[in-house]
Amino acid sequence: ETGVTQTPRHLVMGMTNKKSLKCEQHLGHNAMYWYKQSAKKPLELMFVYNFKEQTENNSVPSRFSPECPNSSHLFLHLHTLQPEDSALYLCASSQVDRGGDEQYFGPGTRLTVT
Amino acid sequence: EDQVTQSPEALRLQEGESSSLNCSYTVSGLRGLFWYRQDPGKGPEFLFTLYSAGEEKEKERLKATLTKKESFLHITAPKPEDSATYLCAVLGGDDYKLSFGAGTTVTVRA
């Protein structure tokens, strides 16, 4: 595997379900991110993990819960979602201490909440 | 708060018809401006980073330029495979949060 991978690629879940999204980066980076992409809207940053600290976006509802067990893996745990949470969820990684700030994205998980 | 505005929202081009996309930004202490390409159903693909006004970067038919208030992505003699949504993002201050524009969707007809 190379780059940033995400599983599953597609997920349909009911409002009462619990599911998790997985992201793995194979780039040796030290920071990972979750973004939400809705139609016709800019990417919204949800969570950041870097080698120094975990940063949460205060506007993210508590039904989204991130987990970063190590620098290569990132999870997004989902529970009791709403239909408006249907979107493309993107994971990204970067190396924040080498001067290059570009983020590299995975293919995304298309989430549909019914 | 950093702000990024991209125009136009959509652009339809004939193959070979050159054009430019605009990205206007306001940011406190620009650390980098980034261009990405996104194909339908896929994640954004990194294209360029620009760090200071006057800087230019090129890749095949794409050329990105930067001023103190905006960036342009020039597409020279586009081909149908250049059809995609092009995203602009800025990084400012001392954190790691990219602020994205809504993107410009480019369609190139053969």
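In case you missed it, the structure is sitting above this.
Remember, it's a predicted structure, so these values are computed and weren't measured experimentally. (Residues numbered from 1 in each chain as written. Chains lettered and ligands numbered in written order. Predicted model: local features only at pLDDT ≥ 70, side-chain atom pairs only at ≥ 80, totals over all residues. Heavy atoms only, no water.)

Visitor: I tried to follow the pattern of salt bridges on my own but got confused; where do I start?
Guide: Pairs can form between side chains of opposite charge once their charged atoms are near each other. Residues and elements named next belong to chain B. On inspection of all chains with the given rule, the structure shows 6 salt bridges over all chains. A salt bridge links arginine 37 to aspartate 39; its shortest N-O distance comes to 3.0 Å. Among the residues examined, arginine 37 registers a relative accessible area of 15% and is labelled buried. A salt bridge links arginine 61 to aspartate 82, with the nearest nitrogen and oxygen atoms 2.8 Å apart. One end of the pair, arginine 61, is in the loop between strand 6 (56-59) and strand 7 (62-66); the other, aspartate 82, is in the loop between strand 8 (70-75) and strand 9 (84-92), with 21 residues separating them in the sequence. Residue aspartate 82 is classed as buried on the basis of its relative accessible area, which comes to 6%. (Salt bridge = Lys/Arg side-chain N within 4 Å of Asp/Glu carboxyl O. Buried < 20%, exposed > 50% of the residue type's maximum accessible area, 1.4 Å probe, protein only. Helix = DSSP H or I, 4+ residues; strand = E, 2+ residues; numbered from the N terminus.)

Visitor: When you look at the pairing of strand 8 (residues 73-79) of chain A in this model, what are you seeing that I'm missing?
Guide: On a regular strand, each side chain points to the face opposite its neighbour's, so the side chains alternate between the two faces of the sheet. Residue and element names in this part refer to chain A. Both strand 3 (residues 18-25) and strand 8 contribute to a ladder of 7 bridges, which runs antiparallel. Bridging from a neighbouring strand, lysine 18 pairs with histidine 79 of strand 8. Pairing geometry for strand 7 (residues 64-70) and strand 8, over 5 bridges, is antiparallel. By the bridge assignment, proline 66 is partnered in strand 8 with leucine 76. Linkage of strand 7 to strand 8, two consecutive antiparallel strands, is achieved through a turn of 2 residues. (Pairing = 2+ DSSP bridges.)

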